[in-house]
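In case you want the letters, here they are:
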Amino acid sequence: MSYRFFLIAFLFFGFVLHLVTLHAQNNISNNSNQKETSSQSRLFDDDDILHFKLEGKLNELFNDRNDNAVYHPMLLQYMRKDSSFNSLQIMVKTRGHFRRLKGNCKMPPLLLNLSKAEKIKNSIFDKQNKLKLVVPCQGDEYVIKEWLVYKLYNIITEKSFKAKLVQVDFEDSSMKRKPESHYCILLEDEKKVAERNKAFVWNKKLVAMRNTNGDEFKKLTVFEYMIGNTDWSVPYLQNIVLITKDSTKAAIAIPYDFDHAGIVEAPYADAAAELEIASTRERLYRGYCESDRKNFAETFELFNRHKNDIYDVYSNCTLLKPKYVKSTLSYLDDFYKIINNDKAIADQFEKPCRTSTRIEIKGLKD
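Analysis parameters
- Residues numbered from 1 in each chain as written.
- Predicted model: local features only at pLDDT ≥ 70, side-chain atom pairs only at ≥ 80, totals over all residues.
- Heavy atoms only, no water.
- Disulfide = S-S within 2.5 Å.
- Helix = DSSP H or I, 4+ residues; strand = E, 2+ residues; numbered from the N terminus.
- Buried < 20%, exposed > 50% of the residue type's maximum accessible area, 1.4 Å probe, protein only.
- Expected span 1.5 Å × (residues − 1).
- Polar contact = N/O pair within 3.5 Å; in protein donor to acceptor, adjacent residues only side chain to side chain.
- Core = buried A, V, L, I, M, F, W, Y, C linked by side-chain atoms within 4.5 Å.
- Contact = heavy atoms within 4.5 Å.
- Phe/Tyr/Trp six-rings, centres within 6.5 Å; stacked < 30°, edge-to-face > 60°.
- Lys NZ or Arg CZ within 6 Å of the ring centre and 35° of its normal.
- Salt bridge = Lys/Arg side-chain N within 4 Å of Asp/Glu carboxyl O.

Undergrad: Would you mind going over the state of the cysteines with me for this structure?
TA: Note on terminology: a disulfide is the covalent bond linking the sulfur atoms of two cysteines. This structure, assessed with the given rule, holds two disulfides. In this model Cys 289 forms its disulfide with Cys 353; the gap between the sulfur atoms is 2.0 Å. Torsion about the S-S bond of the Cys 289 and Cys 353 cystine: about 100 degrees, corresponding to right-handed handedness. Here Cys 353 lies in the segment after α9 (342-349) and Cys 289 lies in the loop between β10 (252-255) and α6 (297-305), a separation of 64 residues in the sequence. Judged by its relative accessible area of 25%, Cys 289 is partly exposed. Ordinal numbering of bonded cysteines along the chain defines a disulfide pattern of 1-2, 3-4.

Listed below in C-alpha cells is the structure:
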C-alpha cells in the first residue's frame, strides 16, 4: 500500500474521532444543562444556603411600611453553580404586621414578586411567583432558629411550608444605606403548598377548630405546644393558612411565622397577657377539649417516632451556638417527658376541658 493511502486513512479516522468526541462533549453539556435546569426549578429541595444580592432604592423600600405599601423595582443577582451570575429584575414590597412596624424591627419583612421577571425560566427561581422573605428583626441568629422550626414541622407532616435559608447582600443604589449582609428565609408561597398537596387555599375566617381536619389539627396543636408557640388562631387565620380539596369538607390548618415561639427565644417575643403565662418558654396547649387522652395517642406516637430526627435538626446545625443547642435539647426533653406521662398529659392537654372560656388571638387587626 502507498504512503498516500495510509495518510488518507489516518486523516479520515482522525476526523471521525473528532466528530465522536464533539458529540460526546455535547451530550455531556446538554445533560449537565438539563440537570442544572432541573435542580434550579426545585428551590426548596435541598438545604444548601442560597447567596444572592438585592440591589435598588432600599431606603425607599424599607421606609414604605404602610398598609398600602407599593412595589419597588429591585435587581436580584445570584451566582450559578458554574460561577456565572444571573440577574433578575423583580418587584419588592414590605409586608407583615408586627415585624413591619419600625418600633418593633429594624428591617421589615419583604414580598418578592418574580412573576414578570425575565430570564426566570432557567433560573433557580423557575416556576416561582411570589415569595415571602423573612429578614432579621433583631439579629440573624433568630432567623436561623425560626428556619429550623419550619424544618421541624416538615418532619411531622407534608402539610407544611417549605423554607430555605438564604444569605442576602442588601445594597442601596441611592447610597443612603450602608451595604449589609444577613441570613434570611425564603418561604414557599401558600398556593404552592396547596398545589403540592393537591388542594387550594381557603381564605375563610371564623372556621371553628373542630371543623378542621382532626388528625392534622392534632399534629399542629401538639407541635405548637412543643415549640412553645401561642401566637396563632384558626378562626382569625392568625399565622394559619387553610387548604382544602373540597370546601364542603374539613380544611387542613397549616401554621407559619414562628418567631414568637419559645424555642426561638426572640427578645421581642411575648405571649398575650390574656393567656396568663409568664413567657413564651412556658408551654400552653391551645387546642379544643379532648376529654379522652387516648385521642392523642397516635399523635404522640408520631412525635416519639421522629424524636431523633427532631433532635438532629439542632445537633447537626453548625450555625447555632453550642449553648443554644444544649438549652433547646433540654427544652425538648421536657416536652417528651410530658407526652410520655399520663398524669402530665392530663394536666397539660385537658386544660381546655376545665375552662368555659376560649381565648382567640386576633392579631393586630380583627
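Undergrad: Would you take a moment to explain helix α5 (residues 214-227) for this structure?
TA: Helical periodicity: at 3.6 residues per turn, an α-helix aligns residues three or four positions apart in one direction. If you check α5, its first and last C-alpha atoms are 20 Å apart, about what 14 residues at 1.5 Å a residue would give, namely 20 Å. Within α5, twelve of the 14 residues are buried, leaving the element largely enclosed by the surrounding structure. Along α5, the residues classified as buried are Glu 216, Phe 217, Lys 218, Lys 219, Leu 220, Thr 221, Val 222, Phe 223, Glu 224, Tyr 225, Met 226 and Ile 227. Between the side-chain oxygen at the start of α5 and the backbone nitrogen of Asp 215 there is a gap of 3.3 Å, and the oxygen is on Asn 213. After α5 finishes, the residue Gly 228 shows a positive phi value of roughly 75 degrees.

Undergrad: Sorry, what's going on with the environment of Leu 220 here?
TA: Considering the arrangement of structural elements, one finds Leu 220 in helix α5. Looking at Leu 220, the relative accessible area reads 0%, which means it is buried. For the pair formed by Leu 220 and Ile 156, sequence separation is 64 residues and the distance between their alpha carbons is 9.0 Å.

Undergrad: Looking at this structure, I do not really get the nonpolar core. What am I missing?
TA: The nonpolar side chains of a soluble globular protein tend to be buried, and buried together. Phe 223, Ile 263, Phe 303, Tyr 314 and Phe 349 are the most contacted members of the largest nonpolar core, which totals 76 residues. Tallying contributions element by element places helix α3 (residues 140-156) first for this core, with ten residues. For Ile 263, the residues in contact, after removing those within four places along its chain, are Val 149, Ile 227, Arg 281, Tyr 314, Tyr 324, Thr 328, Tyr 331 and Leu 332. Counting residues in each nonpolar core, the second largest holds 30 residues, with Leu 61, Val 92, Leu 133 and Val 135 among its members.

Undergrad: Just checking my understanding: could you explain the packing of aromatic side chains for this structure?
TA: Here the structure, examined in full by the defined rule, presents 21 aromatic pairs. Their ring planes at 85 degrees and their centres at 5.7 Å tell us that Tyr 285 and Phe 296 sit as a pair that is edge-to-face. Here Phe 296 lies in the loop between β10 and α6 and Tyr 285 lies in the loop between β10 and α6, a separation of eleven residues in the sequence. Here Tyr 285 matches Phe 296 in class, with each residue buried. Consider the rings of Phe 296 and Phe 300, whose centres lie 5.5 Å apart with planes at 15 degrees: the pair is stacked. By relative accessible area, which is 0% here, Phe 296 ends up buried. The exposure class of Phe 300 is buried, given its relative accessible area of 5%. Joined through ring pairs, the aromatic side chains of Tyr 225, Tyr 285, Phe 296, Phe 300, Phe 303, Tyr 311, Phe 335, Tyr 336 and Phe 349 make up one cluster. Here the basic side chain of Lys 145 rests over the ring of Tyr 324, its NZ or CZ set 4.0 Å away from the ring centre. Between Arg 286 and the ring centre of Trp 232, over which it is positioned, the NZ or CZ distance is 5.5 Å.

Undergrad: In this structure, what is going on with the pattern of salt bridges? I would like to understand it.
TA: Across all of its chains, the model carries 18 salt bridges by this definition. Between Arg 99 and Glu 146 there is a salt bridge, with its nearest N and O atoms 3.0 Å apart. Linking Arg 99 in the loop between β3 (85-94) and β4 (110-113) with Glu 146 in helix α3, this pair joins segments that are 47 residues apart in sequence. Just as Arg 99 is buried, Glu 146 falls in that class too. Between Glu 350 and Arg 293 there is a salt bridge whose closest N-O contact spans 3.3 Å. Residue Glu 350 is located in the segment after α9, and its partner Arg 293 is located in the loop between β10 and α6; the two are separated by 57 residues in the primary sequence. By relative accessible area, which is 15% here, Glu 350 ends up buried. Given a relative accessible area of 34%, Arg 293 falls into the partly exposed group.

Honestly, that's just the spatial picture; any functional story needs more than this.
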